[in-house]
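Each chain is listed here by its residues.
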Amino acid sequence: MKTIEQDLALKLVHEAERMSTDERKALAAERLKALVEYARENSPYLARLYRDCPKDFALSDLPITQKSDLQENFDEWVTDREANSAKLKLHVEACAREGSSAPFLSKYTFVSTSGTTGTPFTILRDDYHNKIHGALMSERFLKIVGADAVSPRTNRIASVIMTDPRVSSYGSFLRSKKAAGEYGKNMLAVSIVESIPNIVDALNAYQPTALTGYPSILAMLADEQLAGRLRIHTGYVLCSAELLDHATYEKLCRAFQCPILNNYCMTEGGEVAFANGLCENLHLNDDWIIVEPIDKNGNPAKPGALSEAILVSDLSNYICPIIRYKMSDCVMIEPDRACTCGSRLPILKISGREMPPLLLCGRTMSPSALDATLEKAPEMLKFQIARVSEDALEIRLYTKDSASFARAKAWMEEHTRETLQRSGFSDVKFSVVAWQPVNDPKCGKFKVVVDEVK
Ligand SMILES: [Zn+2]
């Protein structure tokens, strides 16, 4: 198993932050070469896949990989012949039963994509990945607030989230609380389904020193703090799962007067980009993770344009090599822009709303207008637009209780009808249904528009 000393991992991560873009690119290229060489020698699947690639390959010579291929070929994809999917499945099930997270084969940690639909994808991480990504967390993400800031031993952490075990963030909250033992009392989950006055009361009573949640609910709590009804003194605010826009960032700064953190991480690629409280931008860890934004034809996305998808390469995972792995995220990497925080790492922007065109009644509809309309629905906490057949949409609606559901549903029905009519799609059928939000099982992020007809 590939390993590294903690001090060396910290040193490598620390040094690269001071390098120029070209120096970091060269370093990443060198790391990619070493990883591909290792994969060719130790992964029968990747050896086959890379058979025709020249020894002195360029990144674009390597074939694109995706979840289904890696899942189907798991036993030949992993680089340790002792590891296989049957053993891993048994181990994961045993851990779930016992509430433990014991390493697989006593050395590999494992992590799964979440979701209620689709097959969860479990991947292994080796010591090398864990130390490097741990160093990225402590050296870069928690640089301002300190590595202890996320520990319930030293902080009272309140998370305002969806308290549904099927939602990945709540699942990990429960695991961390359990792992914290007696310090578990220093972790509080408040459901976003509660009314704002109830959430405010709970937070005032708890007096957290750290606050985490989705930007949309944190923005409402910032209004409460500015109005003097919420009275907490949090050391930092950590945003997750949704796009953090400029207006929300500014409001959070004004209200809580503390560092506002944000991160972009994924099961497959690990810690991809961070905003560590010094600025609102996500900075890409491009010395360890290569992100290639691509357009709908699979070509590199134009500089300054949002991608249709990305290819991710995690240069530190040697047990389950993630190389040019396709994900559906829409991002843009800003070419060489100096940031106010002084970081030399590239700025990565994520699109908050992916709007795939939907084929309905034989015509292509852009869901943007419908999205913009439904976003204004009263009492709506979250919604999703799904294409469920060739001529029908399902509008999924999440509200705090049945009374508000009835009101929001009536509003949505009226406005959906109007919007479809205006855009020439009055023949499209639709229904508004009650729903519990779940993140996309593939990318772990929430999607406003989904196409479920394949
Ligand atoms: Zn910055």
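Overview of the overall build of the protein chain
Argument step 1. Broken down by element type, the protein chain carries 13 helices and 20 strands.
Argument step 2. In terms of C-alpha radius of gyration, the protein chain reaches 23 Å, essentially the compact-globule figure of 22 Å for 454 residues.
Argument step 3. For the C-alpha atoms alone, the extent of the protein chain along its principal axes is close to 60 × 55 × 50 Å.
Argument step 4. For the protein chain, the proportion of its 454 residues judged to be buried stands at 39%.
Argument step 5. Of the contacts made within the protein chain by residues no fewer than 6 positions apart, 64% connect residues no fewer than 24 positions apart.

Let's talk about the environment of G235
Argument step 1. If you trace the backbone, G235 turns up in the loop between α10 (215–226) and β6 (237–239).
Argument step 2. Beyond its immediate sequence surroundings of up to four residues, G235 is in contact with V145, A149, T209, A210 and C258.

Quick look at the sheet that holds strand β17 (residues 382–389)
Argument step 1. Strand order across the open sheet formed by four strands is β19-β18-β17-β20, with mixed pairing between neighbours. Looking at strand neighbours, the two that pair on one side only are β19 (429–434) and β20 (449–451), the edges of this open sheet. Across the sheet, the mean angle separating the axes of adjacent strands is 20° when strand polarity is ignored.
Argument step 2. Note: strand β18 (residues 392–398) against β19, six bridges, orientation parallel. Across the sheet, R396 pairs through a bridge with V433, a residue of β19.

Re unusual backbone geometry
Argument step 1. Phi is positive for L105, which is not a glycine, with a value near 55°.
Argument step 2. Note that L105 resides in the loop between α6 (85–98) and β1 (109–112).
Argument step 3. Unlike most non-glycine residues, R324 shows phi in positive territory, near 50°.
Argument step 4. By secondary structure assignment, the location of R324 is in the loop between β11 (309–314) and β12 (325–327).
Argument step 5. Given 20 C-beta atoms within 10 Å, R324 falls into the buried group.

Digging into the nonpolar core
Argument step 1. Judged by nonpolar contacts, the single largest core of 91 residues is most densely connected at L124, V237, L252, L261, V291, V312 and L348.
Argument step 2. The two domains that each donate at least three residues to this core are domain 1 (6–138 + 263–350) and domain 2 (145–258).
Argument step 3. Residues in contact with V312, not counting those within four places in the same chain, are E268, G269, I289, V291, I322, Y325 and M327.
Argument step 4. In terms of nonpolar packing, the next biggest core, distinct from the first, is built from 19 residues, L358, M380, A386 and M412 among them.

Points about α6
Argument step 1. Under the 1.5 Å per step criterion, the end-to-end length of α6 is 20 Å for 14 residues, consistent within 8% with the ideal 20 Å.
Argument step 2. Of all 14 residues in α6, one are buried, a share of ten percent or less.
Argument step 3. Directly beyond the C-terminal end of α6, a positive phi value near 65° is found at G99.

Regarding the sheet that holds β11
Argument step 1. What the three strands build is an open sheet, ordered β10-β11-β12; its pairing is antiparallel. In this open sheet, the two strands that pair with only one neighbour each are β10 (289–294) and β12. Here the average twist between neighbouring strands, direction ignored, is 30°.
Argument step 2. Sheet topology places β10 next to β11; six bridges connect them, and they run antiparallel. Residue pairing in the sheet places E292 in a bridge with L311 of β11.

Details of the packing of helix α1 (residues 6–16) against helix α7 (residues 127–141)
Argument step 1. At a minimum axis separation of 9 Å, α1 and α7 run at an interaxial angle of 55°. Taken together, the axes of α1 and α7 lie oblique to each other. As for how α1 packs across α7, the hand of that crossing is right-handed. Contacts from Q6, A9, L10, V13 and H14 of α1 reach α7 at K131, I132, A135, L136, E139 and R140.

Re helix α9 (residues 196–206)
Argument step 1. For α9, the complete set of buried residues consists of I199, V200 and L203. Burial along α9 is one-sided: seen end-on, the buried residues are contained in an arc of 100°. Those residues of α9 that are exposed and aimed more than 90 degrees away from the buried face are P197 and A205.
Argument step 2. Following α9 by one or two positions, Q207 adopts a phi angle in the positive range, close to 50°.

Concerning the packing of α10 against helix α11 (residues 246–256)
Argument step 1. Two elements in contact, α10 and α11, have axes separated by 9 Å at closest approach and are oriented at 40°. Taken as axis vectors, α10 and α11 run oblique relative to one another. When the axes of α10 and α11 are compared, the crossing they make is left-handed. Contacts from P215, L218, A219, A222, Q225 and L226 in α10 reach T248, K251, L252, R254, A255 and F256 in α11.

Brief notes about the environment of G270
Argument step 1. Inspection of the secondary structure puts G270 in strand β8 (residues 270–275).
Argument step 2. With 24 C-beta atoms packed within 10 Å, G270 lands in the buried category.
Argument step 3. Aside from chain neighbours lying at most four places away, what touches G270 is H129, H133, C265, I289 and D314.

Focus: the environment of G277
Argument step 1. As for its position among the elements, G277 is in the loop between β8 and β9 (282–284).
Argument step 2. If we skip the residues at most four places from it in the chain, G277 touches I144, V145, Y236, P259, I260 and L261.

About the criteria used
- Residues numbered from 1 in each chain as written.
- Predicted model: local features only at pLDDT ≥ 70, side-chain atom pairs only at ≥ 80, totals over all residues.
- Helix = DSSP H or I, 4+ residues; strand = E, 2+ residues; numbered from the N terminus.
- Rg over C-alpha atoms; globule rule 2.2 N^0.38 Å.
- Buried ≥ 20, exposed ≤ 12 C-beta atoms within 10 Å, placed from the backbone.
- Contact = placed C-beta atoms within 7 Å.
- Pairing = 2+ DSSP bridges.
- Axes fitted to C-alpha atoms, helices over the stretch in contact; angles between N-to-C directions.
- Core = buried A, V, L, I, M, F, W, Y, C linked by C-beta atoms within 7 Å.
- Domains from an automatic or database assignment.
- Expected span 1.5 Å × (residues − 1).
- Parallel < 35°, antiparallel > 145°, perpendicular 65-115°, else oblique.
- Left-handed = near helix turned anticlockwise from the far one by under 90°.
- Arc of directions from axis to C-beta.

Purely geometric numbers; function is a separate question.
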